[in-house]
Protein chains: 2
Amino acid sequence: MKLSEGVEWGLHCALLLAEAPAGVPLPRRVLAEHYGLPEAYLAKHLQALTRAGLLHATPGPSGGFRLARPAGEITVLDVLDAIEGPASPFVCQEIRQQGTGAARPEECTRPCAIASVMVRAHQAWRESLRAVTLDQLVNRVPQALRKRNRAKLGTDAPS
Amino acid sequence: MKLSEGVEWGLHCALLLAEAPAGVPLPRRVLAEHYGLPEAYLAKHLQALTRAGLLHATPGPSGGFRLARPAGEITVLDVLDAIEGPASPFVCQEIRQQGTGAARPEECTRPCAIASVMVRAHQAWRESLRAVTLDQLVNRVPQALRKRNRAKLGTDAPS
DNA sequence: CAAGTCGTGGATACTATACATCCACGTTAG
DNA sequence: CTAACGTGGATGTATAGTATCCACGACTTG
Ligand code: SF4
Ligand code: SF4
């Protein structure tokens, strides 16, 4: 079980957009260079975040991406769902209905104990991620780093 | 992010062993046929469970697998750790130290906010799975099914 | 209006991991 | 001894994630 590393990219980019002064979109080239990521592939994940309504994309020169809502209204779970999808990592294969010990379909009307335990664990995981918003994360970024980013992006963007 | 379906196999087999009368080992062929699983591949997962100390394997004729401890002392998390490994699905790539916006190593001494949020969520997931033991799951298996299994395995095993 | 910038979305190739099988070997009951 | 059973390594296949490219439409600027 491995989480797509696109989630890490998405969180970092969202965090950077949350740090940036509002209303100034950052082009994907700046985001990609800032973290040393492949621009073309990062574009896919930014599209996913846009489709999910977390980011807003402005085309044309001096365009780019900005947060679609205040950072306090975007949770880590939102980002994860947009990039990784909300599906549970556990997918039941209904093996109890296979083989010599197969259960009859009428005995499998409701989800079995194994599946429901997995569902509950998945929900606990999601709740933990839903409890954290982007601005809470921004506040834990070291001041020196935030200042450097703000200065760099302020001078890079207008070029 | 997808959980190995070997976890489902391991849980079902462990559950079946918990249902079976104690002391009577089930050979892997019986387990595989009972759920219609590839025997050779299932063997890998059973080995993992054995190495983790959850199952006990007896070689030779009339050998097989049995639980190494009472079902009440084996949690779902034990099975998952044995087969899938205890690692977190989120693996930090340290992209904050890459690209034009790279942070200096001395600014990355302790895990950042993103990573720690992920760790907490992973722990919440694990705690949820640790809270459930095999015998709790056995009790939720329909009586009819348990009876059928017990009868079938009682007549199949001695052949 | 023309040109250059930027996001969109599809097609394609590469890579890591999980899935699956096979076989040679050591151990044990009968 | 012999047949049944688990162990462990080597090997091949399938699937999902990673990465790149290109044609297109939208927009801003001059
Ligand atoms: S629903 Fe439960 S019993 Fe059926 S295959 Fe899934 S885990 Fe097994
Ligand atoms: S530790 Fe935090 S900042 Fe560094 S790469 Fe991982 S998620 Fe990003």
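Definitions and cut-offs
Residues numbered from 1 in each chain as written. Chains lettered and ligands numbered in written order. Predicted model: local features only at pLDDT ≥ 70, side-chain atom pairs only at ≥ 80, totals over all residues. Heavy atoms only, no water. Pairing = 2+ DSSP bridges. Helix = DSSP H or I, 4+ residues; strand = E, 2+ residues; numbered from the N terminus. Least-squares fit on C-alpha atoms with pLDDT ≥ 70 in both. Contact = heavy atoms within 4.5 Å. Buried < 20%, exposed > 50% of the residue type's maximum accessible area, 1.4 Å probe, protein only. Salt bridge = Lys/Arg side-chain N within 4 Å of Asp/Glu carboxyl O. Polar contact = N/O pair within 3.5 Å; in protein donor to acceptor, adjacent residues only side chain to side chain. Near = heavy atom within 4 Å. Expected span 1.5 Å × (residues − 1). Disulfide = S-S within 2.5 Å.

**Points about the pairing of strand 2 (residues 64-67) of chain B**
Residue and element names in this part refer to chain B. With four bridges connecting them, strand 1 (residues 55-58) and strand 2 associate as antiparallel partners. Bridging across to strand 2, A57 finds its partner in F65. Counting the residues that bridge the hairpin from strand 1 to strand 2 gives five residues, and of these G60 lies at a positive phi of roughly 85°.

**Notes on the relation of the copies chain B and chain A**
Mapping chain B onto chain A calls for a rotation angle of 180° and an axial translation of 0.0 Å; the resulting RMSD is 0.0 Å. Seen this way, the second copy is the image of the first under a two-fold rotation axis. Considering only C-alpha atoms, the residue of chain B closest to the rotation axis is B:W125, which sits at 2.5 Å. Interface residue correspondence from chain B to chain A reaches 100%, placing this contact among same-surface, isologous pairings.

**A few points about the environment of B:T58**
Residues and elements named next belong to chain B. Secondary-structure assignment places T58 in strand 1. Here T58 falls in the partly exposed class, since its relative accessible area comes to 27%. In sequence terms T58 and L129 are 71 residues apart; their C-alpha atoms lie 29 Å from each other.

**Examining the pattern of salt bridges**
Residue and element names in this part refer to chain B. Overall, the coordinates contain 16 salt bridges over all chains when judged by the stated rule. One salt bridge in this structure joins R29 and E33, with 3.8 Å as the shortest N-O distance. On the criterion of helical spacing, the pair formed by R29 and E33 is a turn pair, its members being four residues apart in helix 2 (residues 28-35). Since its relative accessible area comes to 40%, E33 is described here as partly exposed. Where R96 meets E94, a salt bridge forms, and the shortest distance between an N and an O atom there is 3.2 Å.

**Looking at the interface of chain B and chain A**
At the junction of the two partners, chain B supplies 54 residues and chain A supplies 54 residues. Inspection of the region where chain B meets chain A yields two salt bridges. The closest approach of N and O atoms between A:R148 and B:E107, which form a salt bridge, is 3.3 Å. Where chain B touches chain A, the interface holds 14 residue pairs in polar contact (both at pLDDT 80 or more). At the level of secondary structure, the elements contributing two or more residues to the side of chain B that touches chain A comprise helix 1 (6-19), helix 2, helix 4 (76-84), helix 5 (113-130) and helix 7 (143-156) of chain B. Looking at which element gives the most residues to the side of chain B that touches chain A, the answer is helix 5 of chain B, with 12 residues.

**Describing the protein's contact with DNA strand D**
Around DNA strand D, the surrounding shell holds 24 residues, and the nearest of these are A:S4, A:E5, A:P38, B:R28 and B:K44. Protein-proximal atoms of DNA strand D, defined as those within 4 Å of the protein, fall in sugar or phosphate at a share of 55%. Residue A:E5 places a main-chain N or O atom 3.0 Å away from a phosphate oxygen belonging to DNA strand D. The separation between a base oxygen of DNA strand D and a polar side-chain atom of B:K44 is 2.4 Å.

**Description of the protein's contact with DNA strand C**
What surrounds DNA strand C is a group of 24 residues, the closest being A:R28, A:K44, B:S4, B:P38 and B:P61. Take the atoms of DNA strand C that sit within 4 Å of the protein: sugar and phosphate atoms are 54% of them. The contact in question runs from a base oxygen of DNA strand C to an N or O atom on the side chain of A:K44, over 2.5 Å. Here a base nitrogen of DNA strand C and a side-chain polar atom of A:Q47 are 3.3 Å apart. Breaking the surface near DNA strand C down by element, the ones donating at least two residues are helix 3 (39-51), strand 1 (55-58) and strand 2 (64-67) of chain A together with helix 3 (39-51) of chain B. The element contributing the most residues to the surface near DNA strand C is helix 3 of chain A, with four residues.

**Focus on helix 5 of chain B**
Spanning 18 residues, helix 5 of chain B covers 25 Å between terminal C-alpha atoms, matching the ideal 26 Å at 1.5 Å per step. Taken together, the buried positions of helix 5 of chain B are occupied by B:A113, B:I114, B:A115, B:V117, B:M118, B:A121, B:H122, B:W125, B:R126, B:S128 and B:L129. Buried residues belonging to helix 5 of chain B abut helix 1 (6-19), helix 4 (76-84), helix 5 (113-130) and helix 6 (134-138) of chain A together with helix 4 of chain B.

**A look at the site of ligand 2**
In the vicinity of ligand 2, the contacting residues are A:E8, A:H12, B:C92, B:E94, B:I95, B:R96, B:C112 and B:I114. The residues that come close to ligand 2 belong to more than one chain, namely chains A and B.

**A closer look at the state of the cysteines**
All names here are of chain A. Summed over the entire model, instances satisfying the criterion amount to zero disulfides over all chains. Note on C108: no disulfide assigned, nearest cysteine sulfur contributed by C112 at a separation of 8.3 Å. What makes C108 buried here is its relative accessible area of 12%. Since its relative accessible area comes to 22%, C112 is described here as partly exposed.

What is shown is where atoms sit, not what they do.
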